[in-house]
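As a plain string of letters, each chain reads:
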Amino acid sequence: MIIPVILNAGCAKQTVISHYPSTQNVLLSISNAVSKTDTLIAGARINLVTPQGYFPLRAALIIKKPSYLRLELLPPIGPPDFFLAATPQYMKILLPGKGEFYQGEPDGHNLSRFLPWVINIEDIVAIFTCTYPPLNGDVAYQRYLEKNNLRIEMKAESGVKQTVWIEPAGRLSKLERFDENSKLLYTVSFSDYKEGNPIAGRIDVSMADGITSIDLKYSDLKIEKANDLSIFDLPVPAGFKEIIMN
């Protein structure tokens, strides 16, 4: 299993800001900090906490919007023992130690079979590129000043909600995601930004169970212009058992 320190926001006095176009412009700037023509390539150190225990990990990541992801988990010694490759159409997972190859929809249900969160690939790509996951349909916005941050609340027609906090420098500092019943799903904090870099050096994801968390720290991070999507595919190795995920 892989992946996500509940952050408590103080109930500071809020000032409502109703200038809707400005809200849209702020969110557009956050969304476009890493564009769809960019490919993020990085190593990462991950401290993973789950109900089963604590697991320090190393990973190699390649990410491209809207929902392309390649993740390789690296053991202390030896070759990778977990490969994930995902596109908007499919997700493939290779477990060399078990000789198993999985393929299915890139949704939260299938991913939760391997990683301890029910989050789809598109939302993970958004989080790992330091923006907010999309909401479907018409979305209502409210915007506040809260201490030194700008707080923007979003609510979709379905009832799904999320709140983001944007620091004075215009970068995302925190995200909370709720389901259609206003139940908290997860909290994300973004920190350790470097000058001129839109990607936080550290991303902390906390699931609503109060136990599961991931502390991800990027290293050797690069953003390149690349259109080759073949890296987001995995061939089936000879002799591996193929398993279709429904």
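What counts and what doesn't
- Residues numbered from 1 in each chain as written.
- Predicted model: local features only at pLDDT ≥ 70, side-chain atom pairs only at ≥ 80, totals over all residues.
- Heavy atoms only, no water.
- Salt bridge = Lys/Arg side-chain N within 4 Å of Asp/Glu carboxyl O.
- Helix = DSSP H or I, 4+ residues; strand = E, 2+ residues; numbered from the N terminus.
- Buried < 20%, exposed > 50% of the residue type's maximum accessible area, 1.4 Å probe, protein only.
- Pairing = 2+ DSSP bridges.

Caption draft 1: Quick look at the pattern of salt bridges. What the rule picks out here adds up to 12 salt bridges. The closest approach of N and O atoms between Arg177 and Asp123, which form a salt bridge, is 3.9 Å. Of this pair, Arg177 sits in strand E11 (residues 172-178) while Asp123 sits in helix H3 (residues 121-128), and the two are 54 residues apart along the sequence. Salt-bridge contacts for Arg151 lead to Glu153; the nearest nitrogen and oxygen are separated by 2.7 Å. Residue Arg151 is classed as buried on the basis of its relative accessible area, which comes to 15%.

Caption draft 2: Highlighting the pairing of strand E5 (residues 82-86). With respect to burial, E5 is a largely interior element, 5 of its 5 residues being buried. Alternating residues of E5 divide into Phe82, Leu84 and Ala86 and Phe83 and Ala85, and every residue in both groups is buried. Judged from the 5 bridges that link them, strand E4 (residues 68-74) and E5 form a sheet pairing that is antiparallel. Across the sheet, the residue bridging to Leu71 is Leu84, located in E5. Summarising the sheet, E5 and strand E6 (residues 91-95) pair through 4 bridges and their orientation is antiparallel.

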